[in-house]
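What follows is each chain in one-letter form.
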Amino acid sequence: MQNTATPTHCPYCALQCGMNLTPAPDGTVEVGERADFPVNRGALCGKGRTAASVLARNVRLTSPLVRDEGGTLVPASWDEALEKIAAGLGRTRAEHGPDAVGVFGGGGLTNEKAYTLGKFARVVLGTSQIDYNGRFCMSSAAAAGIKAFGLDRGLPFPLEDIPKSGCVILVGSNLAETMPPSLRFFTELKENGGTLIVIDPRRTKTAEQADLHLAPRPGTDLALALGLLHLVIAEGRVDEEYVRDRTSGWEDARAAAMAHWPEYVERITGVSVPRLREVVRLFCEPESAMVLTARGPEQQSKGTDTVGAWINLCLATGRAGRPRSGYGCLTGQGNGQGGREHGQKADQLPGYRKLDDPAARAHVAEVWGVDPDSLPGPGRSAYELLDALGTDIRSLLLMASNPVVSAPRAAHIEERIRSLDFLAVCDVVLSETAELADVVLPVTQWAEETGTTTNLEGRVLLRRRAITPPEGIRSDLEVLHELAARLGAEKGFPTDPEEVFEELRRASAGGAADYSGITYRRLAEENGVFWPCPAEPAGADEDALGGGEAPAAHPGTPRLFLDRFATPDGRARFVPVSHRATAEEPDEEYPVLLTTGRVVAQYQSGAQTRRVAELNAAAPGPFVELHPRLAARLGASEGDPVAVVSRRGRAVAPARITHAIRPDTVFMPFHWAGEGRANTLTNPALDPTSRMPEFKTCAVRLETVER
Ligand SMILES: Nc1nc2c(c(=O)[nH]1)N[C@H]1C(S)=C(S)[C@@H](COP(=O)(O)OP(=O)(O)OC[C@H]3O[C@@H](n4cnc5c(=O)[nH]c(N)nc54)[C@H](O)[C@@H]3O)O[C@H]1N2
Ligand SMILES: Nc1nc2c(c(=O)[nH]1)N[C@H]1C(S)=C(S)[C@@H](COP(=O)(O)OP(=O)(O)OC[C@H]3O[C@@H](n4cnc5c(=O)[nH]c(N)nc54)[C@H](O)[C@@H]3O)O[C@H]1N2
Ligand code: SF4
Ligand SMILES: [Mo]
């Protein structure tokens, strides 16, 4: 292809940093600075800088693989591999019905792929059993946002608004490690005289930047937010006019908060009453303020209520739908936002429509050219789907996730995956889950294909193809096209991303996440467009315009809710919530809390980043972070292997002893498979609304290990 730099975006996290890719003469690709993208202005973290290493032939899949009679994965032709998948899925459907075929997607998929995967499941397979890893990511924040605001978009404002705010509370986000270039916005906030408050049971790199760091006991953010709201009321800091004009449901939420006395909240969270008062003062005194949550408070069996409590705090103080103020969720994966809008979620149709809404079904069925009654209903959530493998669900098509490492109670899920009649995996590398498949298909990567992603700000971006993929590798869209044809759908599954996007525009038109006014051309010219962006003018299509002057295109919506919220009456809704315990509180047998998360140099299940030498050198393996007091009680020194045991299993990793964590809590990153796999331990207790598993707390005991 061309030898000049192609402006595009990073394959990894939701920041979707801009970068330039230039093919080098030796066949490799150089990642260069791209200063024109406002989110990162050229800055990249180590993962982005080294992303091109995963394009190399020696680390990636280069041929389809099928399992031979001896049980070994061996190279095969595309025809043989695709035939095997069509036969495997087709056989299950014929013998056990369409709902015995499952589909599992990922938030790393482009909008075009996520859309096509959802359509493939419902139209070709006819199954309701589709969900994706985003359920493990920000589903609690999404559920809470829809309840309160009538709409879920990660941030309702661009990142550039953060430095202009008076105070930002970051709840359970370690963005200095998980989105390093975004730290700049918070540094600028402080330079402008604003306050940064970080709430994290660990003194992370992010917490080190804070003016005030609170380290509550894991799993108590709900009580903390209720205690703050109690003080807001008691100190007469409620914005009565805003509550009256722009919200509903205040009385019940108020009564619930009044039941959470600061002293009671102090006992639950471990955060002292004076500290709580200080947060209230810092949050309420400036003219504007924000609350941003990430996985800390969300990945709990009460994540939806917890986010609801933080939103209540914003509403009571008039900090939502106003300039430089608001609640936002920092989404995680490259297309974590778009991936949840276009139909790979169990209950969803494109445009953030609901699968159980008759009008939504009719609209999308028309775009797809099928009978609305032929569309299946809502299916199971991600963990429930994985848990049903080998029983109700006999065959699975998996695209862009590695649940053997990333699902809660992973040993059980691994055993469920092994018990399937048939598993097909599309991936760029041979992940731990792909190793268990009957057929593995090698697919093209970000630099080799064009597509759109939607970053954490709701900004739709064009990720451009910069190089030609190696021989023998096909795109996910080509795979779905071929499978559809083999399963009886000759049409409706184009392989050209722009053609898919044109259909997605129509399918999303009129939905909450309306992309109908967005085109590839606009994305290229405008460096991204914020949704909703309906086609203009309302009611007229391009053919009907005649020769007159072209109407101004809709500019997109960088800031939501400034005039009204997306609820039927335009008011934001308070939700009455009360503290409750985590699903598994410590006891005599399992006296310590385990929490899990990330380190800067590894990404997710590590399938990609564990294949990059520079990143492995920086973060070579799992560890157990624990306080010196806990280490002393255990008799463990730095680097000693420590066994962490929960009701689900046992993991072993070296001790990393630090004052930066509470003495009642240990932390493990979840990026590795094998003995140090954190998810062997985690508790799949689900949030009743979002069905999010409780990745962030479970009870464990520690043991020393003889070596
Ligand atoms: N380097 C790197 N960056 C990534 C990723 C990656 O894997 N690696 N993944 C991307 C994705 S998909 C996501 S979702 C984001 C996640 O981004 P973050 O949410 O920032 O990441 P985590 O490390 O999971 O959790 C954040 C913090 O929550 C804290 N925490 C644990 N329990 C609790 C609790 O009960 N309450 C509170 N308040 N805090 C708690 C942890 O100590 C941790 O520091 O990162 C994205 N960026
Ligand atoms: N204990 C614990 N567990 C967690 C979390 C936690 O905080 N603690 N966080 C959870 C969260 S927030 C998330 S998002 C999940 C993520 O966990 P996973 O869903 O396992 O995410 P990845 O490791 O990114 O897996 C993506 C896979 O898809 C492949 N891939 C990348 N791009 C493409 C593509 O375009 N097409 C195809 N076909 N494949 C592709 C990659 O090589 C990789 O194998 O983990 C969850 N698990
Ligand atoms: S912060 Fe995220 S998007 Fe930016 S370079 Fe790092 S991984 Fe890529
Ligand atoms: Mo995530």
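Here goes a summary of the coordinates provided. (Residues numbered from 1 in each chain as written. Chains lettered and ligands numbered in written order. Predicted model: local features only at pLDDT ≥ 70, side-chain atom pairs only at ≥ 80, totals over all residues. Heavy atoms only, no water.)

## A short note on the packing of helix α3 (residues 111-125) against helix α20 (residues 497-508)
Part 1 of the reasoning: Where α3 contacts α20, the axes come no closer than 9 Å and their chain directions differ by 70°. In terms of axis orientation, α3 runs roughly perpendicular to α20. As α3 runs across α20, the sense of the crossing is left-handed. Contact with α3, carried on its side by Asn 111, Glu 112, Tyr 115, Thr 116 and Lys 119, involves Pro 497, Val 500, Phe 501, Glu 503, Leu 504 and Ala 507 of α20 and no other residues of that element.
Part 2 of the reasoning: Across the contact of α3 with α20, the residue classes tally to 6 nonpolar, 2 polar and 3 charged. (Axes fitted to C-alpha atoms, helices over the stretch in contact; angles between N-to-C directions. Helix = DSSP H or I, 4+ residues; strand = E, 2+ residues; numbered from the N terminus. Parallel < 35°, antiparallel > 145°, perpendicular 65-115°, else oblique. Left-handed = near helix turned anticlockwise from the far one by under 90°. Contact = heavy atoms within 4.5 Å. Nonpolar A, V, L, I, M, F, W, Y, C, P; charged D, E, K, R; others polar.)

## Notes on the side chain of Arg 122
Part 1 of the reasoning: By the secondary structure assignment, Arg 122 is in helix α3.
Part 2 of the reasoning: Look at Arg 122: it is buried, it has no salt bridge, and the nearest opposite charge is Asp 347 at 6.6 Å.
Part 3 of the reasoning: There is a polar contact of 2.9 Å between the side chain of Arg 122 and the backbone oxygen of Lys 345.
Part 4 of the reasoning: For Arg 122, the residues in contact, after removing those within four places along its chain, are Thr 127, Ile 130, Gly 343, Lys 345, Ala 346, Asp 347, Gln 348, Leu 355, Trp 368, Leu 375 and Pro 376. (Buried < 20%, exposed > 50% of the residue type's maximum accessible area, 1.4 Å probe, protein only. Lys, Arg positive; Asp, Glu negative; His and termini not counted. Salt bridge = Lys/Arg side-chain N within 4 Å of Asp/Glu carboxyl O. Polar contact = N/O pair within 3.5 Å; in protein donor to acceptor, adjacent residues only side chain to side chain.)

## Focus: the sheet that holds strand β10 (residues 212-214)
Part 1 of the reasoning: Overall, parallel pairing links the 5 strands, which are arranged β10-β9-β8-β12-β13 in an open sheet. The open sheet has two free edges, formed respectively by β10 and β13 (326-329), since each of these has just one partner strand. For this sheet, the mean inter-axis angle between neighbouring strands, taken without regard to orientation, is 15°. (Pairing = 2+ DSSP bridges.)

## Details of the packing of aromatic side chains
Part 1 of the reasoning: Evaluated as defined, the whole model comprises 10 aromatic pairs.
Part 2 of the reasoning: Taking 5.3 Å as the distance between ring centres and 35° as the angle between the ring planes, the aromatic pair formed by Phe 561 and Phe 565 counts as tilted.
Part 3 of the reasoning: Overall, the relative accessible area of 1% leaves Phe 565 in the buried class.
Part 4 of the reasoning: One aromatic cluster is present, formed by Phe 149, Phe 561 and Phe 565 through successive ring pairs.
Part 5 of the reasoning: Lying over the aromatic face of Phe 493, Lys 119 brings its terminal NZ or CZ to 5.1 Å of the ring centre.
Part 6 of the reasoning: For Arg 184, the ring lying beneath its charged end belongs to Phe 185, and the centroid distance is 4.3 Å. (Phe/Tyr/Trp six-rings, centres within 6.5 Å; stacked < 30°, edge-to-face > 60°. Lys NZ or Arg CZ within 6 Å of the ring centre and 35° of its normal.)

## Some thoughts on the site of ligand 1
Part 1 of the reasoning: Neighbouring ligand 1 are 33 residues, the closest being Asp 200, Asp 221, Arg 598, Gln 602 and Gln 604.
Part 2 of the reasoning: Gly 172 places a main-chain nitrogen or oxygen 3.5 Å from a nitrogen atom of ligand 1.
Part 3 of the reasoning: Within the backbone of Ile 199, an N or O atom sits 3.2 Å from a nitrogen atom of ligand 1.
Part 4 of the reasoning: Alone, ligand 1 offers 900 Å² of accessible surface; in the complex the protein occludes 99% of this.
Part 5 of the reasoning: In this structure, ligand 1 is accommodated by the second largest cavity.
Part 6 of the reasoning: Elements represented by at least two residues in the shell around ligand 1 include exactly α5 (175-178), α13 (295-298) and β23 (592-597).
Part 7 of the reasoning: Its residues placed into classes, the shell around ligand 1 shows 10 nonpolar, 15 polar and 8 charged. (Near = heavy atom within 4 Å. Areas by Shrake-Rupley, 256 points an atom, 1.4 Å probe, with all protein chains shown as cover. 1 Å grid on protein atoms, 1.4 Å probe; cavity = no way out; pocket = protein on both sides within 12 Å on 5 of 7 lines; lining within 4 Å. Sits in = over half its atoms within 2 Å of the grid points.)

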